[in-house]
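Below, each chain spelled out in residue letters.
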Amino acid sequence: MHYLIAAIYFLFALFGWDGWGAQTIATHAFDHGTEVLYSEASVTPVLARFSCVSSATGECHYRFFSAHCDQPMHTASVPACQRKPYHELVVATGNRTELARLPANFTFCVNQDALPPDVPCRPELRAGLAQ
């Protein structure tokens with residue numbers, strides 16, 4: 001029986017299925033038609049892997065945000081949200097790092113350059129898992 005289960009998991013792996021609740025996010029950034037950033041993030045309920053595949057600067061800079069607003073702001077017609085990062089991470093090109101125990105829902109952004117603390121990084125990538 002255990003050979004049958006192993007064969008089924010092998011078949012799923014051939015088709016790129018990571019398992020229940022797994023999610024893979026690839027980020028590409030271009031400047032005048034030239035790729036300046038390629039990052040991959042693989043998120044499961046217990047572990048998140050962040051891989052810096054290529055970067056014009058040799059590093060991928062990640063900022064992590066909680067999914068909820070720290071300080072809701074309302075403009076004239078559109079509600080906005082100001083999020084403060086709770087973690088930052090730098091990964092060299094060709095390397096990866098793993099983080100455990102991230103919040104169930106989190107957002108992150110990645111850039112090829114280090115951003116000063118007062119420069120906002122828009123967390124448009126929803127990388128967490130639904131609660």
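Residues numbered from 1 in each chain as written. Predicted model: local features only at pLDDT ≥ 70, side-chain atom pairs only at ≥ 80, totals over all residues. Heavy atoms only, no water.

### Some remarks on the nonpolar core
Among the nonpolar cores identified, the biggest contains 16 residues, and Phe 50, Cys 60, Tyr 62, Phe 64, Leu 89, Phe 106 and Phe 108 are the most heavily contacted of them. Elements with a contribution of two residues or more to this core: strand 2 (34-43), strand 3 (47-55), strand 4 (59-66), strand 7 (87-92) and strand 9 (106-111). Dropping the residues within four chain positions of it, Tyr 62 is found in contact with Ser 39, Glu 40, Phe 50, Ser 51, Cys 52, His 87, Glu 88, Leu 89, Val 91, Phe 108, Cys 109 and Val 110. (Core = buried A, V, L, I, M, F, W, Y, C linked by side-chain atoms within 4.5 Å. Buried < 20%, exposed > 50% of the residue type's maximum accessible area, 1.4 Å probe, protein only. Helix = DSSP H or I, 4+ residues; strand = E, 2+ residues; numbered from the N terminus. Contact = heavy atoms within 4.5 Å.)

### Overview of the sheet that holds strand 3
Across the sheet, 4 strands lie side by side as 1-2-3-8; this open sheet has antiparallel pairing. Two strands in the sheet have a free side with no partner beyond their single neighbour: strand 1 (23-31) and strand 8 (96-100). Direction aside, neighbouring strands of the sheet carry axes that sit 15 degrees apart on average. Of the pairings in the sheet, the one linking strand 2 to strand 3 comprises 7 bridges and is antiparallel in character. What sits directly across from Ala 41, in strand 3, is Phe 50. (Pairing = 2+ DSSP bridges. Axes fitted to C-alpha atoms, helices over the stretch in contact; angles between N-to-C directions.)

### As for the pattern of salt bridges
The full count for this structure, using the stated rule, is 3 salt bridges. Glu 88 is paired through a salt bridge with Arg 63; the nearest N and O atoms lie 3.1 Å apart. Of this pair, Glu 88 sits in strand 7 while Arg 63 sits in strand 4; the two residues are 25 residues apart in sequence, bridging distant segments of the chain. The class for Glu 88 is partly exposed, based on a relative accessible area of 46%. Of the charged contacts, one joins Arg 96 and Glu 98 as a salt bridge, the two residues approaching to 4.0 Å between their closest N and O atoms. Via salt bridges that share partners, Arg 49, Arg 96 and Glu 98 belong to a single interconnected network. (Salt bridge = Lys/Arg side-chain N within 4 Å of Asp/Glu carboxyl O.)

### Some points on the confidence of the model for the protein chain
The share of residues in the protein chain with pLDDT of 70 or more is 64%, and the mean pLDDT across the chain is 77. Averaged over each element, pLDDT in the protein chain is lowest for strand 10 (residues 125-126) (45) and highest for strand 3 (94). Between residues 124-131, whose pLDDT stays under 50, and residues either more than four places distant or in other chains, the model counts 32 contacts. (pLDDT = per-residue confidence, 0-100.)

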